[in-house]
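# Structural features, examined
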Amino acid sequence: MASFKAHYRNARISAQKVRLLANLVRGMYADEALDTLKFQPQRGARMLEKCIKSAIGNAQDPDQNDGRSHRIEELVLTDVRIDGGPMLKRIRPRARGTAFMIKKRSSHISVGLTPIDEV
């Protein structure tokens, strides 16, 4: 089973925010998913779009695929995973000398495409 993958590591956005978009496009054809994400106003949609375009580029590169190039219309998003990445921990001063921890979260975006003749 030929699966074409792309990863966006350490994306500076919370995984929770991108998972909503990943659930929206999981199982769609690649061109449909790009059209859907184009009209989403969230910042995470741009990051997910970038990762899907990279996976499409991997599928269309004949050097990686034994001389074969796959068309965008025949690719399905089979594996869309959003995992939590490393957190930057910052301290925020609060009242009466206390301190609160601020976690600046990041995420790892992984996309896998499969041609429809192999699904």
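Residues numbered from 1 in each chain as written. Predicted model: local features only at pLDDT ≥ 70, side-chain atom pairs only at ≥ 80, totals over all residues. Heavy atoms only, no water.

### A look at the overall build of the chain
Along the chain, the regular secondary structure elements total 3 helices and 5 strands. The C-alpha radius of gyration of the chain comes to 18 Å, more than 25% above the 14 Å expected for a compact globule of 119 residues. Referenced to the eigenvectors of the C-alpha coordinate spread, the extents of the chain come out at roughly 65 × 30 × 20 Å. Burial status across the chain gives 37% buried among its 119 residues. When contacts within the chain are restricted to residue pairs at least 6 apart in sequence, those whose partners lie at least 24 apart make up 69%. Of the roughly 7500 Å² that the chain leaves accessible, carbon and sulfur atoms contribute 49%. Computed over 22 positive and 13 negative side-chain charges, the separation of the two mean positions in the chain equals 23 Å. (Helix = DSSP H or I, 4+ residues; strand = E, 2+ residues; numbered from the N terminus. Rg over C-alpha atoms; globule rule 2.2 N^0.38 Å. Buried < 20%, exposed > 50% of the residue type's maximum accessible area, 1.4 Å probe, protein only. Contact = heavy atoms within 4.5 Å. Areas by Shrake-Rupley, 256 points an atom, 1.4 Å probe, with all protein chains shown as cover. Lys, Arg positive; Asp, Glu negative; His and termini not counted. Charge placed at Lys NZ, Arg CZ, Asp CG, Glu CD.)

### What about helix α1 (residues 15-25)?
Of the residues making up α1, those classed as buried are A15, V18, L21, A22 and V25. Down the axis of α1, the smallest arc covering the buried residues is 125°, so these residues share one side. Exposed positions of α1 whose direction lies more than 90 degrees from the buried face are Q16, K17 and L20. Buried-residue contacts for α1 involve α2 (30-38), α3 (43-60), β2 (75-84) and β5 (107-115). (Arc of directions from axis to C-beta.)

### Description of α2
Along α2, the residues that are buried comprise A30, A33, L34 and L37. Buried residues of α2, viewed axially, fall in a sector of 100°; they line one side. Looking at the buried side of α2, the elements it contacts are α1, α3, β2 and β5.

### Topic: the pairing of strand β4 (residues 99-104)
Bridge count between strand β3 (residues 88-93) and β4: 6 bridges; the pairing is antiparallel. When the bridges of β4 are listed, I91 appears paired with M101. The antiparallel hairpin formed by β3 and β4 contains 5 residues in its connecting segment, where R96 sits at a positive phi of about 60°. (Pairing = 2+ DSSP bridges.)

### Quick notes on the nonpolar core
The biggest cluster of nonpolar side chains holds 29 residues, and the ones touching the most others in it are L48, I52, L77, I109, V111 and L113. Looking at this core, the elements with two or more residues in it are β1 (4-11), α1, α2, α3, β2 and β5. Among all residues touching L48, those that are not within four sequence positions of it are L21, A22, V25, L37, V80, I109 and V111. (Core = buried A, V, L, I, M, F, W, Y, C linked by side-chain atoms within 4.5 Å.)

### Some points on the pattern of salt bridges
One pass over the structure, following the stated rule, counts 5 salt bridges. With its nearest N and O atoms 3.1 Å apart, the salt bridge here joins R46 to E49. Taken together, the residues span about one helical turn, with R46 and E49 both in helix α3 at a distance of 3 residues. Of the residues examined, R46 reaches a relative accessible area of 36% and is grouped as partly exposed. Note on E49: relative accessible area 12%, which makes it buried. Here R81 makes a salt bridge to D83, at a shortest N to O gap of 3.8 Å. Given the relative accessible area of 40%, R81 is considered partly exposed. Given the relative accessible area of 30%, D83 is considered partly exposed. Connected through salt bridges with shared partners, the residues D79, R81 and D83 form a single ionic network. (Salt bridge = Lys/Arg side-chain N within 4 Å of Asp/Glu carboxyl O.)

As far as function goes, none of this settles anything; it's purely spatial.
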